[in-house]
Amino acid sequence: RRKGKDKPVIKKALVELEGGMSQPYAAYMKLRSKLRMVDAYNVTGPIQYDMKDCKASTDIPITLQLELGKDAAPLSDIPAPKKMGEFLYIPQSLEARSELQQWRTKRPHQVPTSLQEKSIAAVQVSEVNATMCAEQDMSYMREFFSSIE
């Protein structure tokens, strides 16, 4: 009830550190030190992408999977870091990446035909509709497009 009326509300949910719903936190704690060194991106939250032929795009969030009793997927082994100047570089194999990342690397890239030649000369600009431009950028844009008012 809100202000004396029945209204649908989303119940506040805190992270369960112990008990029956603590599986996501327990899984994270097991992987925490390894996650510092590996890119283990997965669909983590409610935003879903319905991509053709990509099973990972329709997965429910990992935290919900864990709450429903699914075990956390193991992370792959991390190769030894290589020193590159002042930084450490840790290459990752395709198998070490999430199912979603693997799918993205296999799909063909879609590039506009004018850019397939990799030449700026192949790009044609034509005036179709008026475009909004921030006032502070107007003088710069007029250098290239004299018809801007």
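Nothing here was measured: the structure is a model prediction, and the numbers come from that model.

Draft legend 1. Looking closely at the overall build of the protein chain. Along its length, the protein chain carries 5 helices and 2 strands. Among the 149 residues that make up the protein chain, the fraction classed as buried is 13%. Carbon and sulfur atoms form 55% of the exposed surface of the protein chain, whose accessible area is close to 13,400 Å².

Draft legend 2. Layout of the side chain of Gln65. Relative to the helices and strands, Gln65 is located in helix α2 (residues 62-67). With near-sequence residues (within four places) excluded, Gln65 lies in contact with Asp59, Ile60 and Lys70.

Draft legend 3. Seen up close, the side chain of Ser22. Tracing the sequence through the fold places Ser22 in the segment before α1 (23-35). Taking the relative accessible area as the measure of exposure, Ser22 reaches 12% and is therefore buried. Leave out the neighbours within four places in its chain, and Ser22 touches Glu16 and Leu17.

Draft legend 4. Region of interest: helix α3 (residues 99-106). Among the residues of α3, Leu100, Gln101 and Trp103 are the ones counted as buried. Taken end-on, α3 shows its buried residues confined to a sector of 160°, consistent with a single buried face.

Draft legend 5. Examining a positive patch on the surface more closely. A cluster of basic residues, Arg2, Lys3, Lys5 and Lys7, forms a positive patch at the surface. Inspection of the secondary structure assignment puts Lys3 in the segment before α1. The class of Lys3 is exposed, set by a relative accessible area of 87%.

Draft legend 6. Molecular detail of a nonpolar patch on the surface. Side chains of Val111, Leu115, Ile120, Val123, Val125, Tyr140, Phe144 and Phe145 sit close together on the surface and give an oily, nonpolar patch of about 810 Å² of accessible area. On the secondary structure map, Val125 appears in the loop between α4 (113-116) and α5 (138-144). Taking the relative accessible area as the measure of exposure, Val125 reaches 68% and is therefore exposed.

Draft legend 7. Just the environment of Lys30, in detail. In this structure, Lys30 sits in helix α1. On the accessibility criterion, Lys30 (71% relative accessible area) is exposed. The spacing of Lys30 and Pro74 is 44 residues in sequence and 10.0 Å in space, taken between C-alpha atoms.

So, how was this worked out
Residues numbered from 1 in each chain as written. Predicted model: local features only at pLDDT ≥ 70, side-chain atom pairs only at ≥ 80, totals over all residues. Heavy atoms only, no water. Helix = DSSP H or I, 4+ residues; strand = E, 2+ residues; numbered from the N terminus. Buried < 20%, exposed > 50% of the residue type's maximum accessible area, 1.4 Å probe, protein only. Areas by Shrake-Rupley, 256 points an atom, 1.4 Å probe, with all protein chains shown as cover. Contact = heavy atoms within 4.5 Å. Arc of directions from axis to C-beta. Patch = residues over 30% accessible without salt bridge, like charges linked within 9 Å, V, L, I, M, F, W, Y side chains within 5 Å. Salt bridge = Lys/Arg side-chain N within 4 Å of Asp/Glu carboxyl O. Lys, Arg positive; Asp, Glu negative; His and termini not counted. Charge placed at Lys NZ, Arg CZ, Asp CG, Glu CD.

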